[in-house]
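Per-entry structural report
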Amino acid sequence: MGFLGSAVRRFVSTVRPPLSPLCRTSARCYSSEPTTEKSVPYEKTLKQEDGASIGPTKPLPRSADAVVIGGGSLGCQTIYHLAKMGMTNVVLLERDRLTAGTTWHTAGLLWQLRPSDVEVELLAHTRNVISKDLEEETGLHTGWIQNGGLFIASNKQRLDEYKRLMSLGKVYGIESHVLSPAETKDLYPLMNVDDLYGTLYVPKDGTMDPAGTCTTLTRAASARGATVIENCPVTGIEVRTDDLGVKRIKAVETTHGTIETPCVVNCAGVWATKLGEMAGVKVPLVAMHHAYVVTERIEGIQNMPNVRDHDASVYLRLQGDALSVGGYEQNPVFWDEVSDKFAFSLFDLDWDVFMQHIEGAINRVPGLEQTGIKSTVCGPESFTADHKPLMGEAPEVRGFFLGCGFNSAGMMLGGGCGRELAHWIIHGRPEKDMYGYDIRRFHNTLTDNNRWIRERSHESYAKNYSVVFPFDEPLASRNMRKDPFHQVLTEQGCVFQERHGWERPGWFNKDGPAPVLDYDYYGAYDTKKNVSYKYSDLLGKEYTFDFPPHHDVIKSECLSCRHGVAVFDMSYFGKFYLTGPDAKKAADWLFTADVNKKPGSTVYTCMLNKRGGAEADLTVSRLEPGAANLPLTPESNGDAYYLAIGGGVAEHNWNHIRTVLQDQNFHCQLTDHSEDMGMISIQGPKSREVLQEVVDTDLSNEAFPFSTHKVVNAAGHQVRAMRLSFVGELGWELHIPKDSCLPVYHAVMAAGAKHGIINSGYRAIDSLSIEKGYRHWHADLRPDDTPLEAGLAFTCKMKSSIPFLGRDRLEEQKKEGLRRRIVCFTIEEKVPMFGLEAIFRNGVPVGHLRRSDYGFFVDKTIGYGYIRNPDGGVVSPDFIKSGNFTMERMGVTYQAKAHLKSPFDPENKRVKGIYT
């Protein structure tokens, strides 16, 4: 038996050569004599005692409505929720026994508070399922222990983050308390609090038992008619191609028979990539070693809360009268050769990698130095590029669903995600806004790029315990997609953001270029660390919950646009053409607005799901029929439309449109020209004067009205000019073939020099757009928001008789009245807000801010959030006008003013060129 303290001393006195990221993965292989199940700190596992496979535990049915593959937390939760929602002809296939892959060795922690409203809701459902629902349904105890959770803050920024979580928790009724070091000592007497700023205590957090949870879930599912079959490896997945050329799931093959099914759910964890390959589906995750150690008995530890010391990158999980100690390190071990035979198995612990967690644990609970190590638990876990799961229907094959890549949080998120995945399968979309987990959040060029998957997954793992700051950006796998302006903007000090693989302008640094460098793995694996890295330093300076140090730079970019003229590079936008015999039918059905106005018109519109939720907002331009002049004009003998879509969600939009076209059997072509064109937006009171020198077309209100477009000559190059604005000013977008981008840009800048033209970035767009009241999809407009709730009723052709997807739900909602609606708030005090701040009406929580920024023209913090009536009634204008509203930011209350219209230019004069 070793002691934690002596382990530290041995490590300090021993020097081992570092390993590169390539040799490390092969050098650290798992033991040929895997640790037995006794190394796992659970009284019961589901491993067969003799270790022998005895064939399937049940006969295979000939067919099923859905086949879930993988018997870990997600597979068991998914089949349970499918059966509970009424889909009972479902099968779960597990190659070994339930939990055999990664679930059996998981730490099983559940923390209720996360910096995401959706995740808070998902976690709440998991907690309800394992602590209440399953026991009521089956009479069995899942092993849930409510011992509470304690987050440790060693600095002010960390405590500020916890206070943000506490404020959000109040909206959801989650009890939490910020404790002083002395109060923390009273709660946890064994803890060293000398270096603490404070802690966040959540009394109803707790711990789950993997075997108990999964067996209870499958019993409950089986009682409803589902079939759970163990010892049945999947060997293949049959895919058919329908009459429209669409690939669809046909059957699942095993060594013991074939099951015909239209739906496969990939819950295979670490093995999900291999399962995806069987169907031609890309599953972008990596396998890594993830470890914890279990201590011997510790006197006085019983009933203590679980601890997360993020700054030390360590957690302490109560294990009866002992602790499990684990965390996230900057040099995790990759498992490149994933073995199909690896079940109820563990790796040898790499103490070189793990030792940092021991040091952090001893600092926090000094008594651990003299405590023995009972066992080590080092098993495989799957990790993804943004440390979020992979869910939803795969773009490549209809009927192939993902429920994998849970980044060691599969137990914690399993209940909420299992329910959403079941709803996705049965109804076509989840109930909640699951875009942050949807596989379609990643562009298709990235999901099979091994460099991107590996680098980003490493960085997300290494930063898992980092403070979540509002303006952070990844350093890994940058410069994957660059537009034609990238180099010239870099030279002018552009500080880029990464979205969908694209480098898009964030803001412009006045101290010269700050290029993004190749990823250095934070110096791990003997990689040379980037030094004097200006871009990284600029990001680091913005690690604050106060106004960022470059606040005045953003202000300058915004006010230049409001008072003069600014250029925004928006080339990362998705640019699609919709053509073909059924293009008009498709446009009528897809888009909430009437886009079938005369050619030359451009319309802002939404696309909805069946429940009326907004799947997208975009502009649709109707084109003249004619010969192709790509990329500016597609060939069309009839109706044709040009779709311009926010670049960060282009893949999601593309797949939504494609899915609807397939489901409705519309004969259309959807073509993507996003890479073929750049796009700059020239905005501000002086934009007309600047552009009139560059283009050969009359830009007057009469000749070129708002919401219209034309192909024009700009500096001798053909471009598509659109009179639109996303910032609330007079302006035009120029959609430019990529070879013409730089000449047109230089001509615009030259013409604008005498007007003081400047480059501006998306940080300015965020501020300008919220000031005007324009929505950002996936912030203040999501798939769980209807246009009526979001203040976008004007985008819906409700006065016409034209049917469109989601219209039925909007008609119902209109009759019933809105039970929630978006409201604009301004805060008089100059205090930054970033979203998630709690909204109170007359002292009662009614919602939280979805999005917030500083409006420099109105000189106030502005926030948008959806509010509810606590009585469950209609949220009417009178309900808003009659309320006294306050915001809670990090535990401090601020008076807020509610607005039914944007406080900036509510009459929309500026976009029409009216400046008086």
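These notes cover the structure that comes with them. (Residues numbered from 1 in each chain as written. Predicted model: local features only at pLDDT ≥ 70, side-chain atom pairs only at ≥ 80, totals over all residues. Heavy atoms only, no water.)

1. Re the packing of helix 3 (residues 73-84) against helix 10 (residues 410-427)
It is at 8 Å that the axes of helix 3 and helix 10 come closest, and there the two elements cross at 45 degrees. What the angle tells us is that helix 3 and helix 10 run oblique. Between helix 3 and helix 10 lies a crossing whose hand is right-handed. Touching Ser73, Leu74, Gln77, Thr78, His81 and Leu82 of helix 3 are Gly410, Met411, Gly414, Gly415, Cys417, Gly418, Arg419, Leu421, Ala422, Ile425 and Ile426, all from helix 10. Among the residues making up the contact of helix 3 with helix 10, the classes are represented as 8 nonpolar, 8 polar and 1 charged. (Axes fitted to C-alpha atoms, helices over the stretch in contact; angles between N-to-C directions. Helix = DSSP H or I, 4+ residues; strand = E, 2+ residues; numbered from the N terminus. Parallel < 35°, antiparallel > 145°, perpendicular 65-115°, else oblique. Left-handed = near helix turned anticlockwise from the far one by under 90°. Contact = heavy atoms within 4.5 Å. Nonpolar A, V, L, I, M, F, W, Y, C, P; charged D, E, K, R; others polar.)

2. Concerning the pattern of salt bridges
Here the structure, examined in full by the defined rule, presents 53 salt bridges. We note a salt bridge from glutamate 137 to arginine 224, for which the minimum N-O separation is 2.8 Å. In this pair, glutamate 137 sits in helix 4 (residues 117-138) while arginine 224 sits in the loop between helix 7 (210-223) and strand 9 (227-229), placing the two residues 87 residues apart along the sequence. What makes glutamate 137 partly exposed here is its relative accessible area of 32%. Here glutamate 455 makes a salt bridge to arginine 451, at a shortest N to O gap of 3.4 Å. Of this pair, glutamate 455 and arginine 451 both sit in helix 11 (residues 450-462), 4 residues apart, which is roughly one turn of that helix. Note on glutamate 455: relative accessible area 10%, which makes it buried. (Salt bridge = Lys/Arg side-chain N within 4 Å of Asp/Glu carboxyl O. Buried < 20%, exposed > 50% of the residue type's maximum accessible area, 1.4 Å probe, protein only.)

3. Some remarks on the nonpolar core
A general tendency of soluble globular proteins is for nonpolar side chains to be buried together. Counting residues in hydrophobic clusters, the biggest one holds 180 residues, and the most contacted among them are Leu93, Tyr188, Leu316, Phe400, Cys417 and Phe568. Take this core: its biggest share by element is 8 residues, from helix 10. Counting residues in hydrophobic clusters, the runner-up holds 49 residues, among them Tyr435, Ile645, Val660 and Phe904. (Core = buried A, V, L, I, M, F, W, Y, C linked by side-chain atoms within 4.5 Å.)

4. Looking at the side chain of glutamine 683
With respect to the helices, strands and loops of the structure, glutamine 683 is situated in strand 29 (residues 677-683). Once residues lying within four places of it in the same chain are set aside, the contact partners of glutamine 683 are Cys561, Gly564, Val565, Ala566, Phe568, Leu724, Ser725, Val727, Glu729, Leu730, Gly731 and Trp732.

5. Comments concerning the sheet that holds strand 9
In spatial order, the strands read 9-3-2-13-20-19; together these 6 strands make up an open sheet with mixed pairing. Lying at the two open borders of the sheet, with one neighbouring strand each, are strand 9 and strand 19 (390-393). Sheet twist, expressed as the average angle between the axes of neighbouring strands with direction ignored, equals 20 degrees. When strand 2 (residues 66-69) meets strand 3 (residues 90-93), the two strands line up parallel, connected through 4 bridges. Note on strand 3: the bridge partner recorded for isoleucine 69 is leucine 93. On the sheet, helix 8 (residues 272-279) packs against strand 2, strand 13 (264-266) and strand 20 (400-404) and is oriented at approximately 175 degrees with respect to strand 20. (Pairing = 2+ DSSP bridges.)

6. A look at the pairing of strand 14 (residues 286-295)
Across the 10 residues of strand 14, 10 count as buried, placing the element largely inside the fold. Of the two faces of strand 14, both are covered, the one formed by Val286, Met288, His290, Tyr292 and Val294 as well as the one formed by Ala287, His289, Ala291, Val293 and Thr295. One ladder, built from 3 bridges, connects strand 14 with strand 17 (residues 322-327); its direction is antiparallel. Its bridge partner being in strand 17, valine 294 is matched across the sheet by serine 324.

7. Some words on the sheet that holds strand 31 (residues 717-722)
Overall, mixed pairing links the 6 strands, which are arranged 30-31-32-29-23-33 in an open sheet. Two strands bound the open sheet, and with one partner strand each, they are strand 30 (709-714) and strand 33 (758-760). Averaged over all pairs of adjacent strands, the angle between their axes in this sheet comes to 30 degrees, without regard to strand direction. Strand direction decides the pairing type here: strand 29 and strand 32 (residues 731-737), joined by 7 bridges, are antiparallel. Bridge pairing links glutamine 683 to glycine 731 in strand 32. Across the sheet, helix 14 (residues 551-563) is in contact with strand 23 (566-569), strand 29 and strand 33; its angle to strand 33 comes to roughly 115 degrees. Running over the sheet, helix 18 (residues 741-752) touches strand 23, strand 29, strand 30, strand 31, strand 32 and strand 33 and is turned about 150 degrees from strand 32.

8. Focus: the side chain of threonine 106
By the element assignment, threonine 106 lies in the loop between strand 3 and strand 4 (109-110). At a separation of 3.4 Å, a polar atom in the side chain of threonine 106 contacts the main-chain amide nitrogen of glycine 108. (Polar contact = N/O pair within 3.5 Å; in protein donor to acceptor, adjacent residues only side chain to side chain.)

9. Side note on the environment of lysine 170
Considering the arrangement of structural elements, one finds lysine 170 in helix 5 (residues 156-171). Take lysine 170: its relative accessible area is 36%, and that puts it in the partly exposed class. Considering only alpha carbons, one finds lysine 170 and proline 845, 675 residues apart in sequence, at a separation of 7.1 Å. With residues up to four places along the chain from it excluded, the contact list for lysine 170 reads Phe840, Pro845 and Glu888. Of note is the side chain of lysine 170, whose polar atom sits 2.9 Å from the side chain of glutamate 888.

10. A look at the packing of aromatic side chains
By the definition in use, this model includes 33 aromatic pairs. Centre to centre, the rings of phenylalanine 442 and tryptophan 452 are 5.0 Å apart; their planes meet at 75 degrees, and the pair counts as edge-to-face. Pair noted here: phenylalanine 442 is in the loop between helix 10 and helix 11 and tryptophan 452 is in helix 11, with a separation of 10 residues, a long-range link. Phenylalanine 442 gets classed as buried once you look at its relative accessible area, which sits at 9%. Measuring from ring centre to ring centre gives 6.4 Å for tyrosine 533 and tyrosine 535, while their planes differ by 35 degrees; the resulting arrangement is tilted. The exposure class of tyrosine 533 is buried, given its relative accessible area of 6%. Note on tyrosine 535: relative accessible area 0%, which makes it buried. In textbook terms, an aromatic cluster arises when at least three aromatic residues are bridged by ring pairs, as seen for Phe334, Tyr519, Tyr521, Tyr522 and Tyr525. Sitting above the plane of the phenylalanine 704 ring, lysine 710 keeps its charged end 5.0 Å from the centroid. When the ring centre of phenylalanine 471 is taken as origin, the NZ or CZ atom of arginine 763, which lies over that ring, is 3.7 Å away. (Phe/Tyr/Trp six-rings, centres within 6.5 Å; stacked < 30°, edge-to-face > 60°. Lys NZ or Arg CZ within 6 Å of the ring centre and 35° of its normal.)

11. What about helix 11?
Along its 13 residues, helix 11 runs 18 Å from first to last C-alpha, staying within 8% of the 18 Å computed at 1.5 Å per residue. The element helix 11 is largely enclosed, with a buried count of 11 among its 13 residues. Restricting attention to buried positions, one finds in helix 11 the residues Trp452, Ile453, Arg454, Glu455, Arg456, Ser457, His458, Glu459, Ser460, Tyr461 and Ala462. The N-cap of helix 11, judged by a side-chain oxygen 3.1 Å from the amide nitrogen of arginine 451 a few residues on, is asparagine 449. (Expected span 1.5 Å × (residues − 1).)

12. With respect to helix 9 (residues 351-364)
Under the 1.5 Å per step criterion, the end-to-end length of helix 9 is 20 Å for 14 residues, consistent within 8% with the ideal 20 Å. Within helix 9, 10 of the 14 residues are buried, which leaves the element mostly enclosed by the surrounding structure. For helix 9, the capping residue at the N-terminal end is aspartate 350, with a side-chain oxygen 3.0 Å from the backbone nitrogen of aspartate 352.

13. A closer look at the environment of serine 477
Looking at the element boundaries, serine 477 is found in the loop between helix 11 and helix 12 (486-491). Serine 477 gets classed as buried once you look at its relative accessible area, which sits at 1%. For the pair serine 477 and glycine 501, spaced 24 residues apart in sequence, the C-alpha separation works out to 8.3 Å. Residue contacts for serine 477: discarding those within four places in its chain leaves Arg451, Trp452, Glu455, Arg456 and Tyr519.

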